[in-house]
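Architecture at a glance
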Amino acid sequence: MKIIACVIFSIAIGCSNGLSSTLQESKAKPRSGILQGLLDVALKSPLWKSVLVPQARANIVKTAEANGIRWNDCLEWIKEQVDPNEILHNNEIDENEYPAYYKRPFHAYENGNLCWDAAFEQEIASRAVGARNFPTYGEKGEDAFRSAFDEALFSLG
């Protein structure tokens, strides 16, 4: 499991040069239009940050716990595995290496999905979503979800 935690942290801080190079080359145009404008306004609203984000986060934690995934215990264990300061000390990180939207608030993370909290919680949240989407499998729902992809790819030859 320590290796998994290290991989998650490496992705979160951008140690994968191949990935970061790909991100820099991507020049997709930002979304626009009325609906995107409304979404942008809603996401900048204090209501979003003070009410909806904490409620959504509490809901995913509740989903995890209800499906046998001990969120707080898992989170504590993950945080004990690696010292973020050690990773930062041992890796050069160029803050300009990522598009600005990677650092914008996203879901429950004020600093975007490249923050430590996102790295710490990614695996647990993924398991909770799998359990919610594949309820007959409970805490193994994510495994069922990922296996479905594997089976579909293998069936294609």
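That block above? That's the structure.
Read on for a plain summary of the structure. (Residues numbered from 1 in each chain as written. Predicted model: local features only at pLDDT ≥ 70, side-chain atom pairs only at ≥ 80, totals over all residues. Heavy atoms only, no water.)

**Let's talk about the overall build of the chain**
Counting its secondary structure elements, the chain contains 8 helices and 0 strands. Scanning the chain from its N terminus toward the C terminus, one meets helices and strands in the order α-α-α-α-α-α-α-α. A separation threshold of at least 6 residues defines the contact pool for the chain, and within that pool the share at least 24 residues apart is 62%. With the model as given, the accessible surface of the chain reaches about 11,200 Å², and the carbon-plus-sulfur share is 57%. (Helix = DSSP H or I, 4+ residues; strand = E, 2+ residues; numbered from the N terminus. Contact = heavy atoms within 4.5 Å. Areas by Shrake-Rupley, 256 points an atom, 1.4 Å probe, with all protein chains shown as cover.)

**Describing the packing of aromatic side chains**
Counting across every chain of the model gives 4 aromatic pairs. Ring centres 5.9 Å apart and planes at 55° place the aromatic pair Phe-134 and Phe-145 in the tilted group. Taken as a pair, Phe-134 in the loop between helix H7 (116-133) and helix H8 (141-155) and Phe-145 in helix H8 lie far apart in primary sequence, 11 residues in all. Taking the relative accessible area as the measure of exposure, Phe-134 reaches 23% and is therefore partly exposed. Take Phe-145: its relative accessible area is 34%, and that puts it in the partly exposed class. Put simply, the rings of Phe-134, Tyr-137, Phe-145 and Phe-149 touch in pairs and so form one group of aromatic residues. (Phe/Tyr/Trp six-rings, centres within 6.5 Å; stacked < 30°, edge-to-face > 60°. Buried < 20%, exposed > 50% of the residue type's maximum accessible area, 1.4 Å probe, protein only.)

**Some points on the environment of Glu-123**
Relative to the helices and strands, Glu-123 is located in helix H7. Placed 49 residues apart in sequence, Glu-123 and Cys-74 show a C-alpha to C-alpha distance of 9.4 Å.

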